[in-house]
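Residue-level structural notes
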Amino acid sequence: MSDSALIRLSGITKTYGRGQAAFQALKGINLSIGAGDFVAVMGSSGSGKSTTMNILGCLDVPTSGSYLFQGVPVERLSRNQRTLLRRNFLGFVFQGFNLLARTTALENVELPLVYRGEPAAMRHAAARSALQQVGLEDWEGHSPAELSGGQQQRVAIARAIVTSPAVLLADEPTGNLDTGTSREIMELISAFNQKQGITVLMVTHEPDMAKYARRVIRFVDGRVERDSRDEGGV
Amino acid sequence: MLWNTLLLALRSIRRNLMRSFLTILGIVIGVAAVITMVTLGNGATQSVSDQISSMGSNLLMVIPGQRFGPGSGGAPSFKSADVDAVRNQISGAERVAPVVGTSATVVNQANNWSTSVTGSTSDFFPAGNWEMAAGRVFSETEERAGKAVCVIGETVREKLFGRQNPVGGEIRVKQFSCEVIGLLKSKGQSAMGHDQDDIVVMPLRTVQRRLVGSQDINMTISVRGASSIDAVKQQITLLLRERRNIGENQDDDFRVMDTRQIAETLTSTTKILTMLLGAVAAVSLLVGGIGIMNIMLVSVTERTREIGIRLAIGALEREVLLQFLIEAVVLSSLGGLVGIALATGASLFLAGLMGVPYIFDPAINLVSFLFSAAIGVIFGFFPARRAAGLNPIDALRHE
Ligand SMILES: Nc1ncnc2c1ncn2[C@@H]1O[C@H](COP(=O)(O)OP(=O)(O)O)[C@@H](O)[C@H]1O
Ligand SMILES: [Mg+2]
C-alpha cells in the first residue's frame, strides 16, 4: 500500500443509535484504493457495504477512524468543504436512481454543473454529450416518469459522470434492473472506468456484475473479510 | 450563485405547478378576504359619518331616556310645551322642530307603499338640511289646523306616482286622504341600508291626531351659526332638567345629542362590525396558511429527498436554503399580489352594490401582504431548513 492511494480508510467504525439501542455497523475498516481502479464490493445484506459507501461519498460521517481522500483528512473538513469535495471529485449512482421528479433528463444531468456555476451554454453542451455517451440523446426532454428503469439509471450515470469525477460510487446500480439491462449498465460503467480513467467503487450482490471489476472486496459483519487484491487477482 | 439559485427556484415552481397553484390559492383567498372585509367595513363607517354630516353639524337631537334607539326606558316623553319652552327660552336655538315618527301604508290609486311618516313643523326641513325639489312646505295655518297635507320623499313618489309630478295629487294614509303639496330633494341611501328618501312628512298635529293618538314627541334643534353647540346643549339640558323636576343629585332622564355624538354612536357599531368581519377574514387567512402548511407537509418527503439529491451532487446547504427561500417568497408574494388585486376588484364591486364608498386602506393591504409572505416563508422555508441540515444520506433515505 502506497501513500499515493486515492482513498485510504483506516480503522473506520460506524455506530448507529446510542445506549442500549446502539449498533455497530462497521467494526474497523481498513482499505486503500488506487486511482483508476474498478472495485466491486460484495457481501451479505447488512454487512455494512452501503454504510461504507456513504462514508466514502461524504454523505455520512464515521464514528471513528480516519479517511484520507487524495491525502486530505476528510474528518477535518467542514460540512461545506465535504460538499465541495462531492461537487468536484465524486459522482453517485444509487439503486433507486434518485433523479429529480418532473424534471427532464437534460435538466437532471445539468444540475451538478449548475452548482458548479458553469455557464448555461457549457452546461447544455456537456449534459447533451453525457446523455449521448449513455445512449439517451433522443430522450433529453423526457422526465423520469416517462423513462424505463434502465433509462433512468443511464440518466443517473450521465449525471454522475458529466463533471468528470475522480471517483464514481455506485451502490447496487443494477439492483432494480433485469439481467439484460444490468449488463448494459455495467458495460457503460466499465467503459467510463477504462476510457476516462474514472475510479469506480460498486456494491453488487451478483457475481456476474462483479466480474466487470478488477478487484473484489467482500464484507462480512462490518469487516472486510476478503480482498481479491491481497490474493493476487480475481 | 444568486442568479443560478433564482433560476433553480423558478424551475422548481414551474415544475410543481399544482403545488405552487394550491400554495398561491391559499394565500390569495386569505389576503383577499381580509382586505375586502376591512375595506368594506371602512366604507360603511365612512358612509355613516358622511350621512350624519349631511344632517348638518349644527344639529341637536333631544330624546327621552339615556339610550339611543327605540324605547325610552320609562322616562317621560316630551310634549309640545317643552318644544315651546326651548324655542322661547334658548336664544342659541335657531329652529326647534318637534318630531313624531310612525310607519304607515300609503296608497295612490292601485299603488301602495309602506313608509315612515314623520309629523313635524315647517322647521323640520331647514333643521334637517332638506331642500325642496317641487312644491312647498306646509304653512303655519295648516300646521295649526292639523290639515291633511304632506311633503313626500323621492322614493315615495316613485312608488306611488312613478314619474308623474306628485304635487297636487292625493295619497291615502290609513283612513284619510292627504294632499301632496311638496316633493323633497333626494338625499340618497344611507350606509345602514336606510333609504332617507323613503319618507312622508305631515304637520305634527295631523300625525298626532290621525295616526298615533298621543302627544309624545322628540325634538330636533338647529343651533344658530354664531352660538357654541356645547353652550346651547348645556342650556337645553338645564332647562329640561328644571321642567322635568330632576333633583340635583339625579341623572338626566333624557339625552341632548349633537351630530358628532350620533356619528360616534353609529360609527362605533360599524367599526365593531368591521373588526368582526376582519377577524373572520383573518381566520380565513390562517386557514389558508394551514392549507399551505398541509401542502408543504405532504410534499415534505419528496422535498426532503430532493434536498438529499441536491446535497449529494454538490449543492451547499446555503444554496439549497436560498432556493427554497426564494421559492417561498416568490409564491407567497405572488399570492399576496393576486390577493390584493382580487380584493380591490371585489371591494369596488361590492362597495358599489352596497352603496358605500371605496376607500383604499394602505395599512391593511401592507399588513395582509406581509402576513402572507411570512406564512409562505415559515411554512415553505422552515421544513426545508430542517432537511438541508441533515446528513445527505438521511435526507435521501427520508420516508
Ligand atoms: N440509519 C441507520 N440506522 C440504524 N441502523 C442502520 C442504519 N443504516 C444501516 N443500519 C444497519 O447497519 C447495518 C449495515 O447496513 P448497510 O451498510 O446498509 O448494509 P448493506 O448495505 O451491506 O446491506 C445493518 O444491520 C443495518 O440495519
Ligand atoms: Mg446496502
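Since the structure is predicted, the reported quantities are computational estimates derived from the model, not experimental observations. (Residues numbered from 1 in each chain as written. Chains lettered and ligands numbered in written order. Predicted model: local features only at pLDDT ≥ 70, side-chain atom pairs only at ≥ 80, totals over all residues. Heavy atoms only, no water.)

This part is about the overall build of chain A. Along its length, chain A carries seven helices and ten strands. Its C-alpha atoms put chain A at 50 × 40 × 40 Å along the principal axes. Restricting the contact set of chain A to residue pairs at least 6 apart, pairs at least 24 apart contribute 70%. With the model as given, the accessible surface of chain A reaches about 9800 Å², and the carbon-plus-sulfur share is 48%. The averaged location of the 23 negative side-chain charges in chain A is 7 Å from the averaged location of its 25 positive side-chain charges. (Helix = DSSP H or I, 4+ residues; strand = E, 2+ residues; numbered from the N terminus. Contact = heavy atoms within 4.5 Å. Areas by Shrake-Rupley, 256 points an atom, 1.4 Å probe, with all protein chains shown as cover. Lys, Arg positive; Asp, Glu negative; His and termini not counted. Charge placed at Lys NZ, Arg CZ, Asp CG, Glu CD.)

For the rest of this paragraph, the subject is the interface of chain A and chain B. With 28 residues of chain A at the interface, the matching set in chain B holds 30 residues. Among the residues of chain A in contact with chain B, R79, R102 and Y115 of chain A are the three that bury the most area, contributing 27% of the side total. Summed over the shared surface of chain A and chain B, the result is seven salt bridges. Between R14 of chain B and E107 of chain A there is a salt bridge, with the nearest N and O atoms lying 3.7 Å from each other. Counting every contact that joins chain A to chain B gives 16 residue pairs in polar contact (both at pLDDT 80 or more). Residue assignment for the side of chain A that touches chain B shows that the elements contributing at least two residues are α2 (79-89) and α3 (105-115) of chain A. For the side of chain A that touches chain B, the residue count by class is 13 nonpolar, six polar and nine charged. (Buried area = accessible area lost by both parts, 1.4 Å probe. Salt bridge = Lys/Arg side-chain N within 4 Å of Asp/Glu carboxyl O. Polar contact = N/O pair within 3.5 Å; in protein donor to acceptor, adjacent residues only side chain to side chain. Nonpolar A, V, L, I, M, F, W, Y, C, P; charged D, E, K, R; others polar.)

Moving on, we get to the sheet that holds strand β3 (residues 38-43) of chain A. Residues and elements named next belong to chain A. Taken together, the six strands give an open sheet; going across it, the order is β6-β7-β8-β3-β9-β10, and neighbouring strands pair in mixed fashion. Whereas interior strands pair on both sides, the edge strands pair on one side only; in this sheet they are β6 (90-93) and β10 (223-227). With direction set aside, neighbouring strand axes in the sheet form an average angle of 20°. Note: β3 against strand β9 (residues 215-220), five bridges, orientation parallel. Bridge pairing links V39 to R215 in β9. (Pairing = 2+ DSSP bridges. Axes fitted to C-alpha atoms, helices over the stretch in contact; angles between N-to-C directions.)

Take helix α7 (residues 204-212) of chain B next. All names here are of chain B. Every buried residue belonging to α7 is among L204, T206, V207, Q208 and L211, and all of these are buried. Looking at the packing, one finds that the buried side of α7 touches α3 (80-89), β2 (93-108), β3 (111-120), β6 (170-173), β7 (176-184) and β8 (199-203). Of the residues trailing α7, G213 is marked for its positive phi of about 65°. (Buried < 20%, exposed > 50% of the residue type's maximum accessible area, 1.4 Å probe, protein only.)

On to the side chain of N365 of chain B. With respect to the helices, strands and loops of the structure, N365 of chain B is situated in helix α12 (residues 362-388). Apart from residues no more than four positions distant in its own chain, N365 of chain B is found in contact with I35, I340 and F360 of chain B.

This part covers the confidence of the model for chain B. When pLDDT is averaged along chain B, the result is 85, and 95% of the positions lie at 70 or above. Overall fold confidence (pTM) sits at 0.72, and the ipTM for the predicted complex is 0.95. (pLDDT = per-residue confidence, 0-100.)

Before going further, it helps to examine the packing of α3 of chain A against helix α5 (residues 149-161) of chain A. Residues and elements named next belong to chain A. As a packed pair, α3 and α5 sit with axes 7 Å apart at the nearest point and diverge in direction by 30°. One finds that α3 runs roughly parallel with respect to α5. The handedness of the crossing between α3 and α5 comes out as right-handed. Only V155, A158 and R159 of α5 make contact with α3, whose side of the interface consists of A105, N108, V109 and P112. Considered class by class, the residues forming the contact of α3 with α5 number five nonpolar, one polar and one charged. (Parallel < 35°, antiparallel > 145°, perpendicular 65-115°, else oblique. Left-handed = near helix turned anticlockwise from the far one by under 90°.)

Glancing now at the domain arrangement of chain B. Looking at chain B, the domain boundaries give domain 1 (2-51 + 264-397) and domain 2 (77-252). For domain 1 of chain B versus domain 2 of chain B, the distance between C-alpha centres works out to 53 Å. (Domains from an automatic or database assignment.)

Once that is clear, we can look at the pattern of salt bridges. On inspection of all chains with the given rule, the structure shows 31 salt bridges over all chains. A salt bridge links R79 of chain A to E317 of chain B; the nearest nitrogen and oxygen atoms lie 2.6 Å apart. Pair noted here: R79 of chain A is in helix α2 and E317 of chain B is in helix α11 (residues 317-354), and the two residues belong to different chains. The exposure class of R79 of chain A is partly exposed, given its relative accessible area of 27%. Exposure remark for E317 of chain B: the relative accessible area of 23% places this residue in the partly exposed category. One salt bridge connects E140 of chain A with R128 of chain A, and the closest N-O pair in it is separated by 2.8 Å. Taken together, the residues span a long stretch of sequence, with E140 of chain A in the loop between α4 (120-133) and α5 and R128 of chain A in helix α4 at a distance of twelve residues. One salt-bridge network, held together by shared partners, links E107, E110 and R123 of chain A together with R11, R14 and R15 of chain B.

As a further point, take the pairing of β6 of chain B. Residue and element names in this part refer to chain B. Only one face of β6 is covered, namely the one carrying I171 and V173; the face carrying E170 and R172 has none of its residues buried. Note: β2 against β6, two bridges, orientation antiparallel. Paired with V106 across the bridge in β6 is V173. Bridge count between β6 and β7: four bridges; the pairing is antiparallel. Within the sheet, the bridge partner assigned to V173 lies in β7 and is F176. The loop that links β6 with its antiparallel partner β7 comprises two residues; one of these, K174, has a positive phi angle of about 50°.

Turning our eyes to something else, we now look at the side chain of Q153 of chain A. Residue and element names in this part refer to chain A. The residue Q153 is located in helix α5 in this model. Since its relative accessible area comes to 0%, Q153 is described here as buried. Apart from residues lying up to four places away in sequence, Q153 is in contact with V93, F94, Q95, F97, P173, L177 and I185.

Turning our eyes to something else, we now look at empty space enclosed by the protein. The gaps left among the atoms become clear once a water-sized probe is rolled over them. Under the counting rule described, the total for this entry stands at six cavities of 30 Å³ or more. For the largest cavity, the calculated volume is near 180 Å³. In terms of lining residues, the largest cavity is bounded by 21 residues, among which M296, R303, F324, E327 and G380 of chain B are the most central. At the level of elements, α1 (2-15), α2 (17-54), α10 (300-312), α11 and α12 of chain B are the ones that each hand at least two residues to the lining of the largest cavity. Counting residues per element, the lining of the largest cavity draws most heavily on α12 of chain B, which supplies five residues. Its residues assigned to classes, the lining of the largest cavity shows eleven nonpolar, seven polar and three charged. Size it by volume and the second largest cavity reaches roughly 90 Å³. If you trace the second largest cavity, you find it lined by R86, R87, L90, G91, F92, P112, A156, R159, A160 and T163 of chain A together with A312 and I313 of chain B. Here the residues of the lining of the second largest cavity sort into seven nonpolar, two polar and three charged. (1 Å grid on protein atoms, 1.4 Å probe; cavity = no way out; pocket = protein on both sides within 12 Å on 5 of 7 lines; lining within 4 Å. Points joined across faces, edges and corners; volume = space filled by probe spheres on them.)

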